[in-house]
Amino acid sequence: MEGEFGSFIKVWTSVFVCIFYCYSIGKIVPKGTTRLLCVLPVVCLFFYLPLNFSSIHLGGGTSFFISWLGSFKLLLFAIGKGPLASDPSISIGPNPPKAHLSPSLLVHIPSSRNPTHHCSSPRLGPSGFRPQTPFQRALPLHLSAKLLGQKMNLVVTSILRQSVYEPTLKFSTCVIGRRWASLPAVFASFLVSGLMHELIYYHMGRVRPTWEVTWFFVLHGFCLMVEIVLKKALKGRCRLPRLISVVLTVGFVVATCFWLFFPQFLRCKADVRMLQEYRAFVVFLKNVVGLFSYKRY
């Protein structure tokens, strides 16, 4: 455990150094290709840093926040889409409307009123609600959000929308027209999300990818595409009652999670390792408390 805390200090010191470097780049290098070339080494470093951990908590958390969110934020910053921080007062990029950090970064429940959100209808589709991290389950949040009608605009949603959905939407609009342009954009967003979850799994367990998690997101993306087609064809008619929609949503998520999402999680023995890490952390705290007590007396 002491070694993990040492790695934690080294890794996050490197992260803060990279942040100051990017801050300097933002001041002196204009957006575009030159800034992108300056940022790419940091992106590569962010993909490497979680490999310094053997702990599933530190490795998985660092992979999620640094390798995924941090890297995508840097790429957006390189092309002039920011800010890198949720608070515009400490932003190192342009200042669009402030992004909000929800305490629940586990689920992806965008607002159905915004056409750029690749979301499921609260009545029709079972595919819009899914776990957003591989080591925590969010079905109670899914269900409560479904029943209470809550709308959670989360950082993951914003990053995927800006980095994947919107560019794909713009390209597909030029190629296939506006009516069906959202279909490839939705699919691309789910595909990228699946690939990034594969990376997090690898950082957590060093297990060779089996691509089950990617197929999990591809399946959900495909179902959401079918839902969009049906909604456009039906034009608001034949909507399912809310209760049936909730049952379908939860049932679909549970079935596909046990089929495709959790096997890789269990294959790297994440559940066993998490319990071991909890025990090790408790022992570490006892040793620290004992050391201070010994010095005191």
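None of these values were measured; they are calculated from a predicted model.

Definitions and cut-offs
Residues numbered from 1 in each chain as written. Predicted model: local features only at pLDDT ≥ 70, side-chain atom pairs only at ≥ 80, totals over all residues. Heavy atoms only, no water. Phe/Tyr/Trp six-rings, centres within 6.5 Å; stacked < 30°, edge-to-face > 60°. Helix = DSSP H or I, 4+ residues; strand = E, 2+ residues; numbered from the N terminus. Buried < 20%, exposed > 50% of the residue type's maximum accessible area, 1.4 Å probe, protein only. Core = buried A, V, L, I, M, F, W, Y, C linked by side-chain atoms within 4.5 Å. Contact = heavy atoms within 4.5 Å. Axes fitted to C-alpha atoms, helices over the stretch in contact; angles between N-to-C directions. Parallel < 35°, antiparallel > 145°, perpendicular 65-115°, else oblique. Left-handed = near helix turned anticlockwise from the far one by under 90°. Nonpolar A, V, L, I, M, F, W, Y, C, P; charged D, E, K, R; others polar.

K.L.:
What's the story with the packing of aromatic side chains in this structure? I'm lost.
P.N.:
By convention here, two paired aromatic rings are described through the distance between centres and the angle between planes. Enumeration according to the criterion identifies 10 aromatic pairs in this entry. Note on phenylalanine 5 and phenylalanine 281: the rings are 6.4 Å apart at their centroids and 40° apart in plane angle, and the pair reads as tilted. Pair noted here: phenylalanine 5 is in helix α1 (residues 2-28) and phenylalanine 281 is in helix α9 (residues 270-296), with a separation of 276 residues, a long-range link. Among the residues examined, phenylalanine 5 registers a relative accessible area of 31% and is labelled partly exposed. Ring geometry for phenylalanine 8 versus tryptophan 12: centroids 6.1 Å apart, planes at 40°, classification tilted.

K.L.:
Please explain the nonpolar core as it appears in this structure.
P.N.:
Generally speaking, a soluble globular protein has its nonpolar side chains buried in company with each other. Counting residues in each nonpolar core, the largest one holds 36 residues, and the members touching the most others are Trp68, Leu69, Phe72 and Phe261. Every element with two or more residues in this core is listed here: α3 (56-78), α5 (155-176), α6 (182-205), α7 (212-234), α8 (242-267) and α9. Broken down by element, this core gets its largest block of residues, 11 residues, from α6. One finds Val11, Val15, Val39 and Val43 within the second-largest nonpolar core, a separate group that totals 14 residues.

K.L.:
What should I look at first to understand the side chain of threonine 214 in this one?
P.N.:
Position of threonine 214 relative to the elements: it lies in helix α7. Sequence-distant contacts of threonine 214, defined by excluding residues within four places in its chain, comprise Leu191, Gly194, Leu195 and Glu198.

K.L.:
Could you clarify how one ought to interpret unusual backbone geometry in this entry?
P.N.:
Excluding glycine, residues mostly have negative phi values, and the peptide bonds linking residues are mostly trans. Unusually for a residue other than glycine, tryptophan 211 sits at a positive phi of about 65°. Residue placement: tryptophan 211 occurs in the loop between α6 and α7. We note that lysine 269 has phi near 55°; this positive angle belongs to a residue other than glycine. Residue placement: lysine 269 occurs in the loop between α8 and α9.

K.L.:
Can you help me understand the side chain of serine 7 in this one?
P.N.:
Position of serine 7 among the secondary structure elements: in helix α1. Once residues within four sequence positions are removed from consideration, serine 7 is found in contact with Asn52 and Phe53.

K.L.:
Even after reading the chapter, I still don't get the packing of α6 against α7, so can you show me in this structure?
P.N.:
Helix-helix packing is described using two parameters, namely the angle between the two axes and the distance between the axes. Where α6 contacts α7, the two axes come as close as 8 Å, and the packing angle between them is 160°. Relative to α7, the element α6 is oriented roughly antiparallel. For the pair α6 and α7, the crossing hand works out as right-handed. Each of Ser182, Leu183, Val186, Phe187, Phe190, Leu191, Ser193, Gly194, Leu195, His197, Glu198 and Tyr201 in α6 lies in contact with α7, whose residues at this interface are Glu212, Val213, Thr214, Phe217, Val218, His220, Gly221, Leu224, Met225, Ile228 and Val229. Classifying every residue of the contact of α6 with α7 gives 14 nonpolar, seven polar and two charged.

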